[in-house]
Amino acid sequence: MSTYKSDTVVLEQENKNTKTTKGYAAANPTTPLAPFSFERRDPREHDVVIDIKYCGICHSDIHQTRDEWSEALEESIFPMVPGHEIVGIVTRVGDKVSKYKLGDKVGVGCFVDSCRTCAECKAGLEQYCTVHGVYTYNGREHDGTPTYGGYSEMIVVDENYVLRIPENLALDAAAPLLCAGITLYSPLRHWNAGPGKSVAIVGMGGLGHMGVKLAHAMGAEVTVLSQSLKKQAD
Ligand SMILES: [Zn+2]
Ligand SMILES: [Zn+2]
């Protein structure tokens, strides 16, 4: 789940060309986030270095920093820098990067790598990787290094796990699409929402309002199911 623009985090940019990165981390499940410095890796051949401009606040950030999912996930890694609705500008690319160049507007969602060899990865469904999906934060790279998310100045991600943000889309508005947006876009596409189809969205919250806008844009007839008419005007 995700909140939207009003909750977007704006981070000051400093130390653009150094590995040491400033962010906000939860030291443990009970304390508020606090400033935290950590190291990002030097870009490898296929890595893109992204100056983070905005990062949405997803409710799963709160669940994970409070360690509420440790039974579902293998472990929680503290200190934890949350954030998986990341948008920013490419400032550096590895020698073999072909998809992005300096200045490109890009995004990073919930995962930053996967095994690349299992059936799911080969089918382009890396989010279902059955061997080792690497979450954007609270996860581990293939070498065991903990991952840190988007509540930070910059991130280094393999180009194959980076998304392009169209020029005509504002970066702040684009951030929540990286989790809340794709969560609704995926089923709507899967079920071919479009002209002649009816879509019902249960609840118009952080995800629901995305579903309304996306299904409408796809040409479907959209109905919101809600317990009251409080949000009717919206
Ligand atoms: Zn895989
Ligand atoms: Zn999320």
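Residues numbered from 1 in each chain as written. Chains lettered and ligands numbered in written order. Predicted model: local features only at pLDDT ≥ 70, side-chain atom pairs only at ≥ 80, totals over all residues. Heavy atoms only, no water.

Visitor: Explanation requested: the coordination of the zinc ion (ligand 1) in the structure shown.
Guide: Put simply, a metal with four donors set out as a tetrahedron has ideal angles of 109.5 degrees, and one with six donors set out as an octahedron has ideal angles of 90 or 180 degrees. Each protein donor to the zinc ion (ligand 1) is listed here as Cys-115 (SG), Cys-118 (SG), Cys-121 (SG) and Cys-129 (SG); together their distances run 2.3 to 2.4 Å. Of note, the donors binding the zinc ion (ligand 1) are all from one chain and are spaced C-x2-C-x2-C-x7-C. In this pair, the class of Cys-115 matches that of Cys-118, namely buried. (Donors = N, O, S within 2.8 Å, 3.2 Å for Na, K, Ca; no water. Buried < 20%, exposed > 50% of the residue type's maximum accessible area, 1.4 Å probe, protein only.)

Visitor: Whenever I open this one, helix 4 (residues 180-190) confuses me. Can you help?
Guide: Because each turn of an α-helix spans 3.6 residues, side chains separated by three or four positions end up pointing in the same direction. Among the residues making up helix 4, those that are buried are Ala-180, Gly-181, Leu-184 and Leu-188. An end-on view of helix 4 places all buried positions within 90° of arc, on one side of the element. What points out from helix 4, more than 90 degrees from its buried face, is the exposed set Arg-189 and His-190. Where helix 4 is buried, its residues touch strand 11 (198-202) and helix 5 (208-218). (Helix = DSSP H or I, 4+ residues; strand = E, 2+ residues; numbered from the N terminus. Arc of directions from axis to C-beta. Contact = heavy atoms within 4.5 Å.)

Visitor: Explain the packing of aromatic side chains here, please?
Guide: How two aromatic rings sit relative to each other is given by the distance of their centres and the angle of their planes. The tally for this structure, following the rule as stated, stands at four aromatic pairs. With a centroid separation of 6.1 Å and an interplanar angle of 80°, the aromatic rings of Phe-111 and Tyr-161 are classed as edge-to-face. One end of the pair, Phe-111, is in strand 7 (residues 111-113); the other, Tyr-161, is in the loop between strand 9 (154-158) and strand 10 (163-164), with 50 residues separating them in the sequence. Tyr-161 sits in the buried class, given a relative accessible area of 8%. Ring pairing ties together the aromatic residues Phe-36, Phe-38 and Tyr-148, which thus form one cluster. (Phe/Tyr/Trp six-rings, centres within 6.5 Å; stacked < 30°, edge-to-face > 60°.)

Visitor: Sorry, what's going on with the environment of Lys-22 here?
Guide: Locating Lys-22 in the fold gives a position in strand 2 (residues 20-25). Spatially, the C-alpha atoms of Lys-22 and Glu-153 are 5.9 Å apart, while their sequence positions differ by 131 residues.

Visitor: Is there a simple way to think about the coordination of the zinc ion (ligand 2) in this case?
Guide: Donor atoms from the polypeptide that coordinate the zinc ion (ligand 2) comprise Cys-58 (SG), His-84 (NE2) and Cys-179 (SG), at 2.0 to 2.2 Å from the metal. Read in sequence order, the donor residues coordinating the zinc ion (ligand 2) give the pattern C-x25-H-x94-C. Of the two residues, Cys-58 sits in the loop between strand 4 (47-55) and helix 1 (59-65) while His-84 sits in the loop between helix 1 and strand 5 (86-93), which places them 26 residues apart along the sequence. Comparing Cys-58 with His-84 shows no difference in burial state: the two are buried.

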